[in-house]
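Summary of structural features
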Amino acid sequence: MPVEQLTDRVTLKHPKGATAEILHYGATVISWKSSDVTGGEPLERLFVSSKASLDGSKPVRGGIPIVFPAFGAPELPQFSNLKQHGYARSSTWRFTSLLVDNDSNVSVKFSLGPTADVKAVFNFPVSLEYVVTLSERKLGTDLHVTNHSDTDVLQFQALFHNYIRAPANDVKISPLTGKNYFDKTEATAEARVTPKLERRKGVDVQKYTDSVYVDGGQVYDVTWPQGGIQIKTEGLKDVVVWNPQETAGKAIGDMEDGGWEKYVCVEPGHVRGYITLPVGESWIGRQILRSG
Ligand code: TA6
């Protein structure tokens, strides 16, 4: 059965063995298992902390949380009621339909309208749809944003907060050479808003890393000895690379011991500046993750 609906999640099964699990809470992909080009048993490609809450009590520490309408600490006045990274990852989405079910792809859609709990924090007539597509070696996630206002444009940011399962100290992310980035680990506010030029051929996360690359190039290779994930994106011009390492990692309440050694976050998004969506229009931001 390609799609199974459980009380709190939907599971996808591809005819060639790949699987995915999506919680209704946050429409958070909490598992993606796929083989690589050599075939073999599908392996888990995402990291979810063993201390993560999956009961809807707080955003999932891992998988692919959806960041919308604001990245980081919300800045715009209309976002003043929102928490860090916005409301999409901490709202309960509705599974609306099985879109595609064939030998190549299994694709499902979730939606999040301006429901009461959303209006309580963000009173703007915006609706979200999220399409997750599972292929033999790929996982696609598409976020559709529609502005239903008759009068106001919608300004927003969006990002897929991918926790890629990987040996963090052996990972390299490329090609980011020549890209400008902002280093959020800098000690002073001034340094954190001063752009740096990336000179490395492969970016590592062997030390505490929290970098926002502007216009990252929309294709990213996350590689390590004997493994890798490629990320291709559309509509998401920037990319964030994050790993807290031990000191910052231990301070994260729902991070399992040593969890920081098991993942790297490579997060395509539009997070420098805002997308401005005119009245009545829709926007799509998408990514395709490919294993091996
Ligand atoms: O995407 C990187 C980041 O913004 C980091 O600064 C860190 O805060 C991380 O997201 C996790 O944020 P969270 O709100 O999920 O603890």
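Just so you know, these numbers come straight off a predicted model, no measurement behind them. (Residues numbered from 1 in each chain as written. Predicted model: local features only at pLDDT ≥ 70, side-chain atom pairs only at ≥ 80, totals over all residues. Heavy atoms only, no water.)

This paragraph deals with the nonpolar core. If you look at the biggest cluster of nonpolar residues, it comprises 64 residues, and the most contacted ones within it are Y130 and L143. The element that contributes the greatest number of residues to this core is strand β9 (residues 126-134), accounting for five residues. Judged by nonpolar contacts, the second largest core, of eight residues, contains F47, W242, M255 and Y263. (Core = buried A, V, L, I, M, F, W, Y, C linked by side-chain atoms within 4.5 Å. Buried < 20%, exposed > 50% of the residue type's maximum accessible area, 1.4 Å probe, protein only. Helix = DSSP H or I, 4+ residues; strand = E, 2+ residues; numbered from the N terminus.)

Time to look at the site of the ligand. Residues in close proximity to the ligand include R61, F71, Q84, H85, R89, H161, K184, D210, V240, W242 and E267, which together make up its full environment. Within the side chain of H85, one N or O atom sits 3.1 Å away from an oxygen atom of the ligand. When the ligand sits alone it has 390 Å² of accessible area, and the protein chains cover 82% of it. Here the residues of the shell around the ligand sort into three nonpolar, three polar and five charged. (Near = heavy atom within 4 Å. Polar contact = N/O pair within 3.5 Å; in protein donor to acceptor, adjacent residues only side chain to side chain. Areas by Shrake-Rupley, 256 points an atom, 1.4 Å probe, with all protein chains shown as cover. Nonpolar A, V, L, I, M, F, W, Y, C, P; charged D, E, K, R; others polar.)

A few words on the sheet that holds strand β8 (residues 106-112). In a beta sheet, neighbouring strands are held together by backbone hydrogen bonds and run either parallel or antiparallel to one another. Judged by pairing direction, the sheet is antiparallel, and its eight strands sit side by side in the order β7-β8-β9-β10-β21-β18-β17-β13 without closing on themselves. Two strands close off the open sheet at either side, each with one partner strand: β7 (94-101) and β13 (172-174). Mean inter-strand twist for the sheet, computed between neighbouring axes without regard to direction, equals 15°. By the bridge criterion, six bridges tie strand β18 (residues 227-234) to strand β21 (residues 282-291) in an arrangement that is antiparallel. (Pairing = 2+ DSSP bridges. Axes fitted to C-alpha atoms, helices over the stretch in contact; angles between N-to-C directions.)

This paragraph deals with the packing of aromatic side chains. Across all of its chains, the model carries 15 aromatic pairs by this definition. Measuring from centroid to centroid gives 5.6 Å for Y87 and F122, while their planes differ by 35°, and the two rings are tilted. Taken together, the residues Y87 in the loop between β6 (66-67) and β7 and F122 in the loop between α1 (116-119) and β9 connect sequence positions 35 residues apart. An aromatic cluster of three or more residues is present, and its members are F68, F79, Y87, F122, F124, F156, Y274 and W283. One Lys or Arg, R272, reaches over the ring of F182 and ends 3.8 Å from the middle of that ring. (Phe/Tyr/Trp six-rings, centres within 6.5 Å; stacked < 30°, edge-to-face > 60°. Lys NZ or Arg CZ within 6 Å of the ring centre and 35° of its normal.)

It is worth spelling out the pairing of β7 at this point. Bridge count between β7 and β8: six bridges; the pairing is antiparallel. Its bridge partner lying in β8, V100 is registered against S107. Here β7 folds back onto β8, and the loop between the two strands holds four residues.

This part takes up the environment of V205. Relative to the assigned elements, V205 resides in the loop between β15 (196-197) and β16 (209-213). Along the backbone, V205 and Q245 are 40 residues apart, and their C-alpha atoms lie at a distance of 8.0 Å. When near neighbours in sequence (up to four residues on either side) are disregarded, V205 contacts A168, N169, I173, V241, N243, Q245 and V264. (Contact = heavy atoms within 4.5 Å.)

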